[in-house]
Amino acid sequence: MGAERGSASVRVLGTGLVLGDTQPVMLEPPADIALKRGPAYVCATAPDLRAVTPGLVRRLGRSQRMMVAAAAQAIAATALEPKDMVSVAIGTGLGMVADTVDFLENMIRLDEREPRPAKFINSVHNSAAANVAIAFGFTGENRTIIHEGISFELALWQAIRSLQSGRSLFALVGGVDEVSPYIVNVGREKGFWRDACEKLKPMTRPRTRGTLPGEGAGALLVCSDRARIPAGSWPIISGVRARPLGVPGARRLDASAEVEFIGASAASAGRKLEDVDLFLFGANGDGAADRAYIKVARALEPYIRRDARIGTFKGACGEFHAAGAIGAALAAQAVRDGALPAQIDVVRGPQKGGRISTAVVYSLPQLAYHSVCTVAL
Amino acid sequence: MGIVCAQGWSVEEVWKGVLAERECLAPVSIFTSPRCGHMPVAEVKGDTAEKSGLADGSRTDHLAAYAAGRAYDDAGLDSLTASKRSEVGIVLGTCTSGMIEAERFMQKVVREGLVDIGLLRHHECASPSNSVARAFGASGFRATVSDACASGASAIATACDAILSGEADVVIAGGADSLTRLTLNGFCSLLNVSPGGCRPFDAERDGMTLGEGAGVVILESESHARSRGARIRAFVAGCGSTCDAFHTTAPKPDGSGALGAMRRALASAGMSPGDIDYVNAHGTGTVENDAAEALALRALFGDRMPHVSSTKRFFGHTLAAAGAIEAIVCVLAMESGIAPSNLGLRRPDPKLGLVPVAHGAKATLKAAISNSLGFGGANASLVLTVGEEAATDGR
């Protein structure tokens, strides 16, 4: 296999978002299942799938619908040719939960008498990536990364590798996860979720325990510098890293090392920390996690401008493993439009005004990993 | 290299079984299945938890950790400095992960109204990678790939990307999956499982056979391996992936997806079809898969077909482990100069225009392709080579 041919930065041609309702709702389990109800951010509105043939839409499961709809937004009217040079890389933390549960419940209840093959087909983890390829005819590389809270970030890294090595010219990168009564119940038993059905306000109440589950899909259409694309000023993503933390947990988090981690990502875009207009954190409102983010924010203070913003986005979608896709898509929109998307809650810096031309997305998923990427014009 | 599968618990034992054309299919014993329990599967025998040395974990975690341990020893990674060992990366593929335990969880919820979350501790797909990381104190680059039946090969390709991009010098790569009631019932519901055991490329083939296991290889850059004096068993010379973009389960009938993956893998290796001496086909034994793959092989190689065999009947279709196990089989074939048998073949399907290796064929094998074709139209091919010193002249 050959040496590197391209750069580790890619242009963002389009973004797509499918988000839950702006407020969490109480999610009820089926009447005959012994699960407790609990609050969650849920996509109650059917995603817009007009770009896809009805025959395909009928076969899609919940996550697949969200992912294909987000992909359709990201692709919009961009002509992507040749199709075999378009890769797909999707991150999902838990995969196709609803269809898997449906298949299992049915198998157990009916002692395997009436299996549901369509549910089995949709339970396969790479079915969201496959359906994006089928919907848009992309025959290039197709990969699904399913690694907890860095699933999307690894998918983004994988897509960049595909572009960088010349295996693809374009890549549709996405992240998707769905919520279900099982996720609500099991997460509550494990102490992940809080009971209160109220909007998350990350990094504002560090004594609160637990966050809220959510769902959604985010997509980015990215291309290498070898792709023929319309003239324009496209956001560029670089400095993508996602790794286990050497020492997991909030208490022993080395905030100065995290500042270096973030700074190295910004440097890959030729920026210093003082050049960054927006730091978009993956904080989720759980006190323990938020305290880690606050520690990093404090360590960043000496290096960033007074008018630089620190913002969060999980107040708009809740917590799910692939939520990094929402953060990355929002950061790309912010840089493209020069303005703050409504889904971002600012916790430091001005609420309005000021052009955004450089954003860094930073997360500490489960306090076991850290991830970062820089989006700049 | 490390393997655990129905053929045994070591590379040597497995290869011995392959050379002896040992059959190992039998009804499943690790769970009961009223409708599908009679179907033959390739189950790993023995106490997976004890063998793995893991204090806990799912059955898939056990398989992954065991195979990783054997590969770790084989590659002599203990000789790395402590800091180098901690930087080792891990990229594993899995489809089922902790599903067999999740099935017990669901059984309790549905039948008894009990929520036993302990059964879901190792449910997530990252669990095998994380278990291996804990077992070896590895905190470097880590990823889990789930490209259905192509996961193992995709994981090896992703691991190569990690090395080429400088994310890691050494990566533990491969795939692992246990048998589960979900997959057995799922494939039976698709009428894809052979009641008599798979017969890839046979005229009377009637479906696949599920298996379980893990295959793990230690990948590192050539310069890194040479600098530490490692024995280089083989090279991943090229990787190629495509997507059929055709159907979520059925392969594209013209085989163009599989053909594209092989062409890409050859291009990335800087090789041509004439350089390939052996192909380990995906060859599941389903009518559609084998027909499409045979078309792809004929389109690529024309009348200069190398030795071709599917080894699925030896191990069953081990899903995410298949690509890694079969890559290891390719290396063993090259090292020993024997193209393995296409076990189960009685009469090659004349419609396929392909005559697989009926019984182990002695030959000089310097380069091989391992194909993995999965649900979602995921196609992954690996080109593997061995150095001059490692290739045995089987003739």
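Residues numbered from 1 in each chain as written. Chains lettered and ligands numbered in written order. Predicted model: local features only at pLDDT ≥ 70, side-chain atom pairs only at ≥ 80, totals over all residues.

Colleague: How should I be thinking about the overall build of chain B in this particular structure?
Modeller: Helix and strand counts for chain B stand at 13 helices and 14 strands. Scaling as 2.2 N^0.38, a compact globule of 395 residues should have a C-alpha radius of gyration of about 21 Å, and chain B matches this with 20 Å. Residue burial in chain B is summarised as follows: out of 395 residues, 67% are buried. Taking all contacts inside chain B whose residues are at least 6 apart in sequence as the whole, residues at least 24 apart take part in 79%. (Helix = DSSP H or I, 4+ residues; strand = E, 2+ residues; numbered from the N terminus. Rg over C-alpha atoms; globule rule 2.2 N^0.38 Å. Buried ≥ 20, exposed ≤ 12 C-beta atoms within 10 Å, placed from the backbone. Contact = placed C-beta atoms within 7 Å.)

Colleague: How should I be thinking about the overall build of chain A in this particular structure?
Modeller: Looking only at helices and strands, one finds 10 helices and 13 strands in chain A. Computed over its C-alpha atoms, the radius of gyration of chain A comes to 20 Å, within 12% of the 21 Å expected for a compact globule of 377 residues. Projected onto its principal axes, the C-alpha coordinates of chain A cover approximately 65 × 50 × 40 Å. Scored against the burial criterion, the 377 residues of chain A give a buried share of 64%. Residue pairs in contact within chain A that sit at least 24 positions apart in sequence constitute 80% of those at least 6 positions apart.

Colleague: Just checking my understanding: could you explain the sheet that holds strand E13 (residues 367-374) of chain B for this structure?
Modeller: Through backbone hydrogen bonds, the strands of a sheet pair up, either in parallel or in antiparallel fashion. Residue and element names in this part refer to chain B. Taken in spatial order, the 5 strands line up as E8-E14-E13-E9-E10 in an open sheet, and their pairing is mixed. With one partner strand each, in any of the chains shown, strand E8 (235-243) and strand E10 (307-309) form the two edges of the open sheet. Sheet twist, expressed as the mean angle between neighbouring strand axes with direction ignored, is 15°. Sheet topology note: the strand E9 (residues 278-280)/E10 ladder contains 3 bridges and is parallel. By the bridge assignment for E10, Val279 is matched with Val308. On top of the sheet, helix H13 (residues 322-336) reaches E9, E13 and strand E14 (378-385); it is set at about 165° to E13, its chief contact. (Pairing = 2+ DSSP bridges. Axes fitted to C-alpha atoms, helices over the stretch in contact; angles between N-to-C directions.)

Colleague: Just checking my understanding: could you explain the nonpolar core for this structure?
Modeller: The nonpolar side chains of a soluble globular protein tend to be buried with one another. Residues Val132, Leu172 and Val222 of chain A together with Ile156 of chain B are the most contacted members of the largest nonpolar core, which totals 282 residues. It is H13 of chain B that provides the largest number of residues to this core, a total of 11 residues. Two domains each donate at least three residues to this core, and these are domain 1 (10-223) and domain 2 (236-376) of chain A. Discounting residues that sit within four places of it in the chain, Val132 of chain A has contacts with Met67, Val68, Ala71, Val88, Ile90, Phe138 and Leu172 of chain A. (Core = buried A, V, L, I, M, F, W, Y, C linked by C-beta atoms within 7 Å. Domains from an automatic or database assignment.)

Colleague: Is there a simple way to explain the environment of Arg304 of chain B in this structure?
Modeller: Inspection of the secondary structure puts Arg304 of chain B in the loop between helix H11 (287-301) and E10. Put simply, Arg304 of chain B and Thr96 of chain B are 208 residues apart on the chain and 38 Å apart in space, counted from C-alpha to C-alpha.

Colleague: Which parts of the structure should I look at to understand the interface of chain A and chain B?
Modeller: Bring the parts together and some accessible area is lost; that lost area is often taken as the interface size. On the chain B side, the residues contacting the 51 residues of chain A number 58 residues. Elements represented by at least two residues in the side of chain A that touches chain B include exactly helix H3 (97-109), helix H4 (117-123), helix H5 (127-136), strand E5 (142-145), helix H6 (151-164), helix H7 (181-189) and strand E8 (236-244) of chain A. Along the lines of polarity and charge, the residues of the side of chain A that touches chain B split into 25 nonpolar, 14 polar and 12 charged. (Nonpolar A, V, L, I, M, F, W, Y, C, P; charged D, E, K, R; others polar.)

Colleague: Before we go on, may I ask you to explain the domain arrangement of chain A in this structure?
Modeller: Residue and element names in this part refer to chain A. Segmentation of chain A into domains returns domain 1 (10-223) and domain 2 (236-376). Between domain 1 and domain 2, the C-alpha centre-to-centre distance is 22 Å. The set of elements that each furnish at least two residues to the side of domain 1 that touches domain 2 consists of strand E1 (10-19), H6, strand E6 (170-177) and strand E7 (216-223). In terms of residue class, the side of domain 1 that touches domain 2 is made up of 25 nonpolar, 18 polar and 9 charged.

Colleague: I would appreciate a short explanation of unusual backbone geometry in the present structure.
Modeller: Negative phi characterises most residues that are not glycine, and trans characterises most peptide bonds. The peptide bond linking Glu81 of chain A to Pro82 of chain A adopts the cis configuration, its omega dihedral lying at -10°. Along the chain, Pro82 of chain A falls in the loop between helix H2 (62-75) and strand E4 (86-91). With phi around 55°, Glu21 of chain B is a residue other than glycine that occupies positive phi space. Glu21 of chain B gets classed as partly exposed once you count the C-beta atoms within 10 Å, which come to 14. In this model, Ala245 of chain B sits at a positive phi of 50°, which is unusual for a non-glycine residue.

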